[in-house]
Amino acid sequence: MVALIKRVLLYGLAAALLVFTGYPFLYMLATSFKTQQQFFQSPFSLFTSINLTNYSSVFQMGLSRYFVNSVIISFTSVFLVVLLAALASYPLSRMKFRLNKPLFLLFVSGMMLPVHATLIPTFILTNHLGLYDRLIALVGPYVAFSLPISIFILTQFMKEIPDALEEAARIDGTTDFGVFWRIVLPMSGPALSTVVIYNFIHIWMEFIFALVLINSPENMTLPLGLQKFYGEFSVNVPGLMAALTLATVPVLAVYLVSQEKVIKGLAGGALKG
Amino acid sequence: MSGNTQQAVQSVTGTGAQMTVVPARSSEYRTGRWRKVAVITSFILPALFVYVVYVMYPIVDTLIDSFFAWDGQSTMTFIGFKNYVHLLRDSIFWTALKNNVLVILASVCVQIPLGMVMALILLSPIRGRRIFGTVYFFPFLMSTVAIGLLWTYIFDPLNGPLNHLIRTVGIQNWQIQWLSDPRIAVYAVLLVVVWQYAPFYMILFKAAMVAIPEELYEAASLDGATAWQKFWRITVPLIMPTIVSSAILAIVGSLKSFDLFYIMTGGGPDHATELLGTYMYKAAFVDFNMGYASSIAFSMFLVAFIVTVVIQYLEFVRQRRGG
């Protein structure tokens, strides 16, 4: 009897948390399939009819542009972060020199920095460089603020690569870059995928730099575009929910396809540190 | 200690250091040393350059700007510490700081325990664990802007599901103006903060709990320990390092929060939900009071810096005690 009560309580709690975490998604999805009229008649009904017009109209209203911009900026920034962080992590993790530890600490201390402390100078600098309101203006800040966690994850991993391999290559006359490119980098695969996933998702969702550095709609990323949508069409709840769904689906899809990898990637350095 | 045939793997944490020393021929010593400097520089320089331009330099520049009166366009006027004096007397600044502390409290006292409960559920003998685990993680995959907008509608007093639920349960006069009542708005947003980040702590705790050897629980069962005792005597002590690092992540993360509050309330009504971040943003990019905004921004940096130093110190003390 006690065991039964415990079981009921356990399932009850699990179900309550399921509703708490899942219901907002259900509401978003269900509302996105309604016409405005249906929404005002029965705002809480679930999937009475499936109507895809909101999706097409949202796309026509510019969401596709934001989408493309987000894809471009995310891929560019992630590529650069991985390249720069991997290059820097190699000597930081595998070479002995006096400035090693200070440099490492300088990089990883960036993890605790509030972005706001850099916002005004970055805004002014971007203006001076003539990059204001251009998509590439975001690359610098995105790469710079992704470096700390990336270097943290990669140095931890590269330290574990056995020295023997590197020594053998060096005896065969491989250069430092050769060792990095042909041994250390290929062997860092799991850490690299963690870095890619972590940074991709964070850059995909980034808001404040975009808010400060981008102004015209044709250069907006998804988060900024969604906010603009809300400002203009806040009455059109189903339309907005369709936009939110479309913005969320790519990340959810990646997650559903490779759950373990995404979870590991998002936990980033935290799982180890 | 030089020569390009020698490498050392050095552990930053100071444990498990291992070294391989291949003696360098003395004739190679000098060229080897310079070669090494050149190699290290060329590997680190690209990252360091970007980091200095977009992180280090802006922080120093923010500090300098904070001593000026400046609208971002015309010439800057040096005013010494006036911005900071003004800041200390600015009641909105204190409200914002208080709200940042509330975010920290919600993160540490609600979010982390909730994440722990979720992890416990996922590790309990329950049917459909996979589904629970998958859905519990969803909120963490949505962009903060999207979350903010979605919950703005969930909180909508007229058409939102939350007040609808309250109406259905039959307590008509409990219709809550979630985001426009200054006494309630901040807690409403905090609920969303918890919703968004609890799954993150869930996966940290789950990973830590899976690593606990099953034998410990079996031995405790033989001694007649209850589930409650097992949790407090085995699970909690063994996941203590994860609890500590979660708390650190939560505190540091809370100081940075901005997006949700900016989207859902914009710091309103009447600054009731202002954060240091939203206040700084408005001072800089709405009022163009760049000098004053810089003093807020630099205060944020200082708070984060102090918190980090204190945490590092406590961690240092804890490790020296061998705890």
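Note that this is a predicted model, so its numbers are computed, not measured.

Reading the values: rules and limits
- Residues numbered from 1 in each chain as written.
- Chains lettered and ligands numbered in written order.
- Predicted model: local features only at pLDDT ≥ 70, side-chain atom pairs only at ≥ 80, totals over all residues.
- Heavy atoms only, no water.
- Domains from an automatic or database assignment.
- Contact = heavy atoms within 4.5 Å.
- Buried area = accessible area lost by both parts, 1.4 Å probe.
- Salt bridge = Lys/Arg side-chain N within 4 Å of Asp/Glu carboxyl O.
- Phe/Tyr/Trp six-rings, centres within 6.5 Å; stacked < 30°, edge-to-face > 60°.
- Helix = DSSP H or I, 4+ residues; strand = E, 2+ residues; numbered from the N terminus.
- Buried < 20%, exposed > 50% of the residue type's maximum accessible area, 1.4 Å probe, protein only.
- Lys NZ or Arg CZ within 6 Å of the ring centre and 35° of its normal.
- Polar contact = N/O pair within 3.5 Å; in protein donor to acceptor, adjacent residues only side chain to side chain.
- Nonpolar A, V, L, I, M, F, W, Y, C, P; charged D, E, K, R; others polar.
- Expected span 1.5 Å × (residues − 1).

K.L.:
Explain the domain arrangement of chain B to me, please; I cannot follow it from the model alone.
P.N.:
Note: interface size is frequently given as the accessible area lost on complex formation between the parts. Residues and elements named next belong to chain B. The assigned domain composition of chain B is domain 1 (7-65) and domain 2 (90-320). If you average the C-alpha positions of domain 1 and of domain 2, the two centres end up 37 Å apart. Contacts between the two partners involve 4 residues from domain 1 and, on the opposite side, 5 residues from domain 2. Roughly 390 Å² of surface becomes buried between domain 1 and domain 2 when both sides are summed, with 81% attributable to carbon and sulfur atoms. In this structure, the connection of domain 1 to domain 2 is made through 0 salt bridges.

K.L.:
Help me understand the packing of aromatic side chains, please; the structure alone is not making it clear to me.
P.N.:
Here a ring pair, both rings aromatic, is described through the centre-centre distance and the interplanar angle of the planes. Under the definition given, this model contains 43 aromatic pairs over all chains. The interplanar angle of 65 degrees and the centroid separation of 5.9 Å between the aromatic rings of B:F140 and B:Y197 together place this pair among those described as edge-to-face. On the criterion of sequence distance, the pair formed by B:F140 in the loop between α4 (129-137) and α5 (144-154) and B:Y197 in helix α7 (residues 185-210) is long-range, its members being 57 residues apart. With a relative accessible area of 32%, B:Y197 lands in the partly exposed category. One aromatic cluster is present, built from ring pairs that chain together A:F25, A:Y255, B:F137, B:F138, B:F140, B:W151, B:F155, B:W178, B:W195, B:Y197, B:F200 and B:Y201. A cation sits over an aromatic face here: A:K159 above A:F104, 5.9 Å from the ring centre.

K.L.:
How should unusual backbone geometry be read in this particular structure?
P.N.:
Excluding glycine, residues mostly have negative phi values, and the peptide bonds linking residues are mostly trans. Residue and element names in this part refer to chain B. In the Ramachandran plot, D270 falls in the positive-phi region, its phi being about 55 degrees despite a non-glycine side chain. Counting through the fold element by element, D270 comes out in the loop between α11 (259-264) and α12 (276-285). The phi torsion at F288 lies on the positive side, around 50 degrees, for a residue other than glycine. Residue placement: F288 occurs in the loop between α12 and α13 (290-320).

K.L.:
Could you clarify how one ought to interpret the environment of B:I234 in this entry?
P.N.:
Residues and elements named next belong to chain B. In this fold, I234 is placed in helix α9 (residues 227-238). Among the residues examined, I234 registers a relative accessible area of 12% and is labelled buried. Along the backbone, I234 and I212 are 22 residues apart, and their C-alpha atoms lie at a distance of 8.6 Å. If sequence neighbours within four positions are ignored, I234 has contacts with I212, L216, Y217, A220 and Q229.

K.L.:
Explain the interface of chain A and chain B to me, please; I cannot follow it from the model alone.
P.N.:
Facing 98 residues of chain A, the contacting portion of chain B comprises 96 residues. The tally of links between chain A and chain B comes to 1 salt bridge. One salt bridge in this structure joins A:D176 and B:R35, with 3.0 Å as the shortest N-O distance. Taken together, chain A and chain B are joined by 14 residue pairs in polar contact (both at pLDDT 80 or more). Ranked by the residues each element gives to the side of chain A that touches chain B, the list is headed by helix α1 (residues 2-32) of chain A, at 16 residues. Considering only residue class, the side of chain A that touches chain B consists of 72 nonpolar, 15 polar and 11 charged.

K.L.:
Is there a simple way to think about α1(A) in this case?
P.N.:
An α-helix turns once every 3.6 residues. As a result, residues three or four positions apart point the same way. Given a rise of 1.5 Å per residue, 31 residues ought to cover 45 Å, and the 44 Å separating the end C-alpha atoms of α1(A) matches this to within 8%. Among the residues of α1(A), A:A14, A:L17, A:T21, A:G22, A:P24, A:F25, A:Y27, A:M28, A:A30, A:T31 and A:S32 are the ones counted as buried.

K.L.:
Would you explain the environment of B:F261 in this entry?
P.N.:
Residues and elements named next belong to chain B. By the element assignment, F261 lies in helix α11. Expressed as a C-alpha distance, the spacing of F261 and T273, which sit 12 residues apart in the sequence, is 7.1 Å. Dropping the residues within four chain positions of it, F261 is found in contact with V103, V186, V189, L190, V193, G266, G267, T273, L275 and T278.

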